[in-house]
Structures are given as C-alpha cells and as structure tokens.
Number of protein chains: 2
Amino acid sequence: MSDLLERLRTRGWRLTAQRRVVAEVLEGDHVHLTADEVHARAAQRLPEISRATVYNTLGELVNLGEVIEVSTDHRAKRYDPNAHRPHHHLLCARCGAIRDVHPVGNPLADLPESERFGFSVSEVELTYRGICPDCTV
Amino acid sequence: MSDLLERLRTRGWRLTAQRRVVAEVLEGDHVHLTADEVHARAAQRLPEISRATVYNTLGELVNLGEVIEVSTDHRAKRYDPNAHRPHHHLLCARCGAIRDVHPVGNPLADLPESERFGFSVSEVELTYRGICPDCTV
DNA sequence: ATCCTACAATGGACGAAGTCCAAGTCAAGT
DNA sequence: ACTTGACTTGGACTTCGTCCATTGTAGGAT
C-alpha cells in the first residue's frame, strides 16, 4: 500500500502524516468505511486529525481514481480502496455487510439501442442485495 | 392514476387533500423527483402542505410498494412512481437526467455461486451512466 | 346531517452527513 | 535553515431528513 503513497507522491502529492494515516486506514479487501469511520480509525493513530481533512483526503483519492465512492444504502457514502480491479457490490439488507463481487458477463451489452435514449453510455454499476450468512441464522 | 388512489383507499388509506396532491404530482413516465421537488409542486396546488407531510406520504407510498426510492447521485433521494414494471436507470453524468430502462438478460444469473459469499441473493439494481443527447452537444 | 375519534397534517426543533473558509502550520525545494 | 505555497484545523453553515406535541379532519356511527 506504500505503492499508493509512492504513486501519489510522484503525482505531486505532499506527503503529510494525515494523508498517510488515511491511506493506511483504507488498506485491505472488502473495506467499505464511511468518512466518519475513517476519521475514527485515523484518530486512533493521529488524534488531532480533523474531519475536514479526512473529507478532503478521501475526495482527492476519489478524484485521483485510487478510491471509489459507494452509496449502498441511502445514508453515508462509503469509500472502497479496491479501485484498480473493476467490481460490483453485494450487500446484506439486514446488517449492511458489503462484499466486492465479480459477476460474469457485461451488462453494458444488455442495454438495447432502443433503450439508450440517445445517451452515450459508458459505465454500469450493479448492486446485488440479499441476506448474509450471519443474518440467515 | 386515480387507480392508485382507489387502490390505496381499499387498503385503509384515509384520502386527504394532501395525499391526493402528492399522488397527482407523481403522475407520469420517467418521473424522478426529490422530496423537495414534490413538495414545491404540491404546494402550487395546496399552498399549506408541509414538508413533513410530503415526507410521510412518500414514505408510505414506498412502504406500500407504489413508489420506488432511487438514490442516483449521492444527494437527495428521488421518488419513482413506476413501481409496477421492474426497471433500472440510466443517468446523465453531466446534468443528472434520468430515464427508466429495461435491459435484456438477468444479471442475477451472472453472479457465480463462488461470488455469493453464502448470501441468499434476491435483488439486483443496475445503474447505467453516460452523457445524454442534450449534454453531448 | 351531525358527532366522534382515531388517524393525519403542521411546523419548528433536532440530527446526520457533508461543505466552506479564514487563519495557522508544515513539507519539501533551494 | 529558509521560504512558500500547499495542507490542516475547527467551527460555522448547508442540505436532507426525522421527530414530536399540537391541531385538524375523514369517514364511520348515530
């Protein structure tokens, strides 16, 4: 993940303690934290970090294409660091758990010309919903 | 659309002027208004209607399955009265225009067992993004 | 036609999520 | 080590939405 920091530094990022901590907090697979959760975890390592900085940093990471914004439920946005392997999401309707998934096939091809209304369609986002094993019990 | 009101009345809905106006505002195809937009339009016909009532009514319509909540961008929820014909959404990344679309194929079948993580998957939501004809110019 | 009452509407306070900004701080090039 | 422009801070502010005590009314009962 210091790959990430390296990559950002060569893009002109000033490497501050705050940004380092935010990037560290986002490490891992199936990570989908809200901005407040990122702030809480970052604050454990760097107590003075402000909410504004967390929002700024997350926003920059999104703009740079290093993190993806996901709005699963209708509440706070979540931040997904798995930006380099395209994927979709599966979420538990009961507890809100989120997993990254890779369906086969290309849904972009499934939208007939007659259903495009003259749009140039470039992206598709899929969200599966269900009940996770923990909630099925 | 008085079908809708009729249907609701037989389900025990008390038919008030406010609810009637909200239902009327939602008439039509490709309608995806925010709660505030619904309130503004309803207020043209019934100036005293309150925001709280609009929120309540929209929430009830969603619970009754007569209206679908859509969160396209990460801003206000939108309300889609086209609840009886399953569909997905196509939206313009520039101006936010939304169209109802009906892709062929079933994305539920495209999620392999190995990608289900033990979930019982029951629903899938598709959002296409692109640029609409008006914004392409 | 009028009365009753449970259900609905009101509006203002509250809360969560996020943005903005002026002032202070600091990373990194020289 | 100096300098400077980029970064951070914290608090005020905005937007979207919920809650609640009070007031009003739809529609069944009389």
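Starting from 1, residues in each chain are numbered consecutively following that chain's sequence as written. Here chains are named by letter from A upward and ligands by number from 1 upward, in the order in which they appear as written. In view of the model being predicted, local features appear only for residues whose pLDDT reaches at least 70, and side-chain atom pairs are presented and counted only at 80 or more, with totals across whole chains, interfaces and linings using the full set of residues. Hydrogens are left out, water is left out, and the side-chain values use all remaining heavy atoms of the structure.

## Details of the overall build of chain A
Secondary structure follows DSSP: runs of H or I at least 4 residues long count as helices, runs of E at least 2 residues long count as strands, and numbering of each begins at the N terminus. Check the secondary structure of chain A and you find 5 helices and 6 strands. When the helices and strands of chain A are read in sequence order from the N terminus, they spell out α-α-β-α-α-β-β-β-β-β-α. Along the first, second and third principal axes, the C-alpha atoms of chain A reach 50 × 45 × 25 Å. In chain A, which comprises 137 residues, the proportion classed as buried is 42%. Positive charges are assigned to Lys and Arg, negative charges to Asp and Glu, while His and the chain termini are left out of the count. Every charge is mapped to an atom, namely NZ of Lys, CZ of Arg, CG of Asp or CD of Glu. Here chain A contributes 17 positively and 20 negatively charged side chains, and the mean placements of these two sets differ by 4 Å. Burial classes follow relative accessibility: with a 1.4 Å probe on protein chains only, a residue under 20% of its type's maximum area counts as buried, one over 50% as exposed, and anything between as partly exposed.

## Examining the protein's contact with DNA strand D
Lining the immediate surroundings of DNA strand D are 16 residues, of which A:R14, A:T16, A:Q18, A:T53 and B:L15 lie closest. Contact distances for DNA strand D include 3.1 Å between a phosphate oxygen and a side-chain N or O atom of B:Y55. In this structure, a phosphate oxygen belonging to DNA strand D sits 2.9 Å away from a main-chain N or O atom of B:K77. Taken together, the elements giving at least two residues each to the surface near DNA strand D come down to α2 (17-25) and α4 (51-63) of chain A together with α4 (51-63) of chain B. Per element, the largest residue contribution to the surface near DNA strand D is 3 residues, and it comes from α4(B). Just so you know the grouping, Ala, Val, Leu, Ile, Met, Phe, Trp, Tyr, Cys and Pro go in nonpolar, Asp, Glu, Lys and Arg go in charged, and all remaining residues, Gly too, go in polar. Of the residues that constitute the surface near DNA strand D, the class distribution is 6 nonpolar, 4 polar and 6 charged. To be near a molecule or strand, a residue needs just one of its heavy atoms within 4 Å of it. In protein, a polar contact means a hydrogen-donor-capable atom and an acceptor-capable atom, both N or O and within 3.5 Å, with residues adjacent in sequence counting only if both atoms are side-chain atoms; elsewhere, any N or O pair within 3.5 Å suffices.

## A few points about the protein's contact with DNA strand C
Near DNA strand C there are 17 residues, and of these B:R14, B:T16, B:Q18, B:S50 and B:T53 occur at the shortest range. Take the atoms of DNA strand C that sit within 4 Å of the protein: sugar and phosphate atoms are 68% of them. Residue A:Y55 places a side-chain N or O atom 3.1 Å away from a phosphate oxygen belonging to DNA strand C. The separation between a phosphate oxygen of DNA strand C and a polar main-chain atom of B:S50 is 2.9 Å. When contributions to the surface near DNA strand C are tallied by element, the ones reaching two or more residues are α4 of chain A together with α2 (17-25) and α4 of chain B.

## So, the sheet that holds strand β2 (residues 68-70) of chain B
Residue and element names in this part refer to chain B. One open sheet holds the 3 strands; their spatial order is β1-β3-β2, and the pairing between them is antiparallel. In this open sheet, the two edge strands, each paired with only one partner strand, are β1 (33-34) and β2. Sheet topology places β1 next to strand β3 (residues 78-80); 2 bridges connect them, and they run antiparallel. Across the sheet, residue T34 finds its bridge partner in β3, namely R78. Between any two strands, at least two bridges found by DSSP are needed for them to pair.

## Let's talk about the sheet that holds strand β2 (residues 68-70) of chain A
Residues and elements named next belong to chain A. As summarised here, the arrangement of the 3 strands in space is β1-β3-β2, forming an open sheet in which the pairing is antiparallel. A single partner strand is all that each edge strand has here, and the edge strands are β1 (33-34) and β2. In this sheet, strand β3 (residues 78-80) lies alongside β2 in antiparallel orientation, the contact comprising 3 bridges. For E69, the partnering residue across the bridge sits in β3 and is Y79.

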